[in-house]
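Letter by letter, the chains look like this.
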Amino acid sequence: MQTYNPSVMKRIQEIDLLKAVAIIAMVFIHVYDASTNLQINTPLDKTTVWILEFMGNIPSAGVFMFAMGWGAAFSSRSTPKTYVSRLKQLVLLGIVINFFEQCIPCIIDPATFGTVWENAPSIIAVDIYFFAAFAMLYFAAMKGLKKRPKTAITVSAVILGVCFVINALFGYEGFSTGNGWLDTIIGLFIRENGFSFFPFISWIIFPIIGYGAALLFKKATSRKEVMIFTIVTGTAAIIFAQTMMAVFHINDAVILGAHSALDGEYYSLHPLCAVCGYGVIALEFVVASLIMMVSKQRLAKCLGNMSKNVMEIYIAQWVLIGFLSPVLVRVTNLWVNILIGIAVLFGSYYGAEMYKRLMMRMKAHKEKKLSEKPVLAPITK
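For every chain, the first residue of the written sequence is number 1, and numbering continues from 1 onward in sequence order. Confidence filtering applies because this is a predicted model: local features only for residues at pLDDT of at least 70, side-chain atom pairs given and counted only at 80 or more, and all residues used for totals across whole chains, interfaces and linings. The side-chain values count all of the structure's non-hydrogen atoms but skip hydrogen atoms and water molecules.

Draft legend 1. Up close: the nonpolar core. Among buried residues, the Ala, Val, Leu, Ile, Met, Phe, Trp, Tyr and Cys ones that are joined through side-chain atoms within 4.5 Å form a nonpolar core. For the exposure calls, accessible area comes from a 1.4 Å probe over protein chains only, and a residue counts as buried if that area is under 20% of its type's maximum, exposed if over 50%, partly exposed in between. One finds Phe139, Phe198, Trp203 and Leu269 to be the most contacted residues of the largest nonpolar core, which totals 102 residues. To qualify as a helix, a DSSP run of H or I must reach at least 4 residues; to qualify as a strand, a run of E must reach at least 2; elements of each kind are numbered from the N terminus. By residue number, the principal contributor to this core is helix α1 (residues 13-34), which donates 13 residues. Not counting chain neighbours up to four residues away, the residues in contact with Leu269 comprise Ile58, Asn167, Ser202, Trp203, Phe206, Val254, Gly264 and Ala274. It only takes one pair of heavy atoms within 4.5 Å for two residues to be counted as in contact.

Draft legend 2. Quick peek at unusual backbone geometry. In this structure, Leu269 takes a positive phi of about 45° despite not being glycine. The residue Leu269 is located in the loop between α12 (263-268) and α13 (271-294) in this model. Despite not being glycine, Lys296 shows a phi value in the positive range, around 60°. In this structure, Lys296 sits in the loop between α13 and α14 (301-308). Exposure remark for Lys296: the relative accessible area of 61% places this residue in the exposed category.

Draft legend 3. Geometry of the pattern of salt bridges. The rule for a salt bridge is simple: a side-chain nitrogen of Lys or Arg has to be within 4 Å of a carboxyl oxygen of Asp or Glu. This structure, assessed with the given rule, holds four salt bridges. The residue Arg223 makes a salt bridge to Glu14 at a minimum N-O spacing of 2.8 Å. Here Arg223 is found in helix α11 (residues 223-247), whereas its partner Glu14 is found in helix α1, with 209 residues between them in sequence. Residue Glu14 is classed as buried on the basis of its relative accessible area, which comes to 1%. The closest approach of N and O atoms between Glu173 and Arg191, which form a salt bridge, is 2.8 Å.

Draft legend 4. Layout of the packing of helix α7 (residues 149-170) against α13. Simply put, an axis is a line fit to the C-alpha atoms, just over the touching stretch for a helix, and the angle between two N-to-C directions goes from 0 to 180 degrees. Remark: α7 packs on α13, axes separated minimally by 9 Å, with the N-to-C direction vectors making an angle of 130°. The orientation of α7 with respect to α13, classified from their angle, is oblique. Contacts between α7 and α13 involve Phe164, Asn167 and Ala168 from the former and Pro271, Ala274 and Val275 from the latter. When residues are grouped by polarity, Ala, Val, Leu, Ile, Met, Phe, Trp, Tyr, Cys and Pro land in nonpolar, Asp, Glu, Lys and Arg in charged, and all others, Gly among them, in polar. A breakdown of the residues in the contact of α7 with α13 according to their chemical character gives five nonpolar, one polar and no charged. Any angle from 65 to 115 degrees is called roughly perpendicular, while one under 35 is roughly parallel, one over 145 is roughly antiparallel, and all others are oblique.

Draft legend 5. Representation of a nonpolar patch on the surface. Together, Val158, Val162, Val165, Ile166, Leu169 and Phe170 make up an exposed nonpolar region whose accessible area comes to about 560 Å². Taking relative accessible area as the criterion, Val158 reaches 48% and is therefore assigned partly exposed. Distance thresholds for patches are 9 Å for like charges and 5 Å for nonpolar side chains (Val, Leu, Ile, Met, Phe, Trp, Tyr), applied to residues having over 30% relative accessible area and no salt bridge. Per-residue accessibility takes into account occlusion by the displayed protein chains alone, with areas from the Shrake-Rupley method and a 1.4 Å probe.

Draft legend 6. A look at the packing of α1 against α13. Relative orientation of the contacting elements α1 and α13 amounts to 115°, with a least axis distance of 9 Å. Viewed along their axes, α1 and α13 adopt a mutual orientation that is roughly perpendicular. The two elements α1 and α13 cross, and the hand of that crossing is right-handed. Where α1 abuts α13, its residues Gln13, Glu14, Ile15, Leu17, Leu18 and Val21 lie against Glu284, Phe285, Ala288, Ser289, Ile291 and Met292. When grouped by side-chain class, the residues that make up the contact of α1 with α13 number eight nonpolar, two polar and two charged. Here a crossing is called left-handed whenever its near helix is offset anticlockwise from the far helix by less than a right angle, and right-handed whenever the offset is clockwise.

Draft legend 7. Looking closely at the state of the cysteines. Note that a disulfide, as used here, is simply two cysteine sulfur atoms within 2.5 Å. According to the stated counting rule, one finds zero disulfides in the structure shown. Cys106 forms no disulfide, and the closest cysteine sulfur to it belongs to Cys103, at a distance of 6.5 Å. Among the residues examined, Cys106 registers a relative accessible area of 5% and is labelled buried.

Draft legend 8. A look at the packing of aromatic side chains. Between rings of Phe, Tyr and Trp, where Trp is taken as its six-membered ring, a pair exists when centres lie within 6.5 Å; planes separated by under 30 degrees are stacked, by over 60 edge-to-face, and by other angles tilted. What the rule picks out here adds up to 23 aromatic pairs. Seen in terms of ring centroids, Phe66 and Trp70 are 5.9 Å apart; in terms of plane orientation they differ by 40°. Their pairing is tilted. Of this pair, Phe66 and Trp70 both sit in helix α3 (residues 58-74), four residues apart, which is roughly one turn of that helix. Across this residue pair, the class does not change: Phe66 and Trp70 are buried. On the basis of an interplanar angle of 20° and a centroid distance of 6.1 Å, the ring pair of Phe139 and Tyr211 is categorised as stacked. Taken as a pair, Phe139 in helix α6 (residues 128-144) and Tyr211 in helix α10 (residues 205-219) lie far apart in primary sequence, 72 residues in all. Of the two residues, Phe139 and Tyr211, neither departs from the other in class, the shared state being buried. Aromatic rings pair up to connect Phe197, Phe198, Trp203, Phe206, Tyr266 and Tyr267 into one cluster. Comment: the charge-over-ring label is applied if NZ (Lys) or CZ (Arg) is within 6 Å of the ring centre and within 35 degrees of the ring normal. Residue placement shows Lys218 over the ring face of Phe74; its charged tip is 5.2 Å from the ring centre.

In structure tokens:
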């Protein structure tokens, strides 16, 4: 295979493809989850639901977190201060998303979803952006240890080890303080209630592995080397995790049990499920690499735009789903739900495109005004 130099690549097409697939899957799973009264009867319905559930867990959320770590490793100009600043921005975005995801349905249809006051702690629900905010602290630490790689590896290993042990020992929703706000705050780190979707100790594995994988990718000398490493480690991770889950009677919330897993089992993500999740991402990367090889590294424009506009699409879909929730909760036909999912995907995609174009026009207009501003001659005696 042809040798290459990953360090000079502006974008890694395989990662862009994975991100595009992830945002598509995430839109569909969020629309699906909003219809809590679906009638799933036929074998086709059940197969479709399994596909939605499987693609909507690790290949969406896990891939986003993996790509987050990958991007941080490839960012040569960022500093610890950069990620501390992003932490603040992500917290604000998390609150905005929670408003549309959690509060808007309560405002529109309190009889079905409860009042805003009853669900007040949901404004700090641990969605992916709150998780991402705390992941910024890890990236800040890695940038601070950039010239001390052995220490960085040790720190990463210790974080993973401690998180795995805590997760395995305490499980999920094992206790409650009796206060919804306090439980939701604790849920930032370990799942304690229904508002804790991506607790830190369960999901930090993916940004860490993404960061490490990107550093290894940059040192690779050929795509063949990357493919062999990814296939071997991904397959080994799945076989090991599946074997251990069978031995210890742990429900597989990633592959075989994607549909039957309880919310708590998936979002708390047992360490063995997390290891299996890495295997899924690794093999998905292999598939994406094969697709890009066949297409001669050409990614469809719409998929490329999705990858670049992930944040805007993610926010737009929750705006739409939030307002559609009173309708979605009353949908009972799976295929109607999927049609709505397609509509939300298109609406989110074009909404994100319009927003980006508007921002570019505003920036260009501002720059034009500044360039037209008369320059005052220097004052001389």
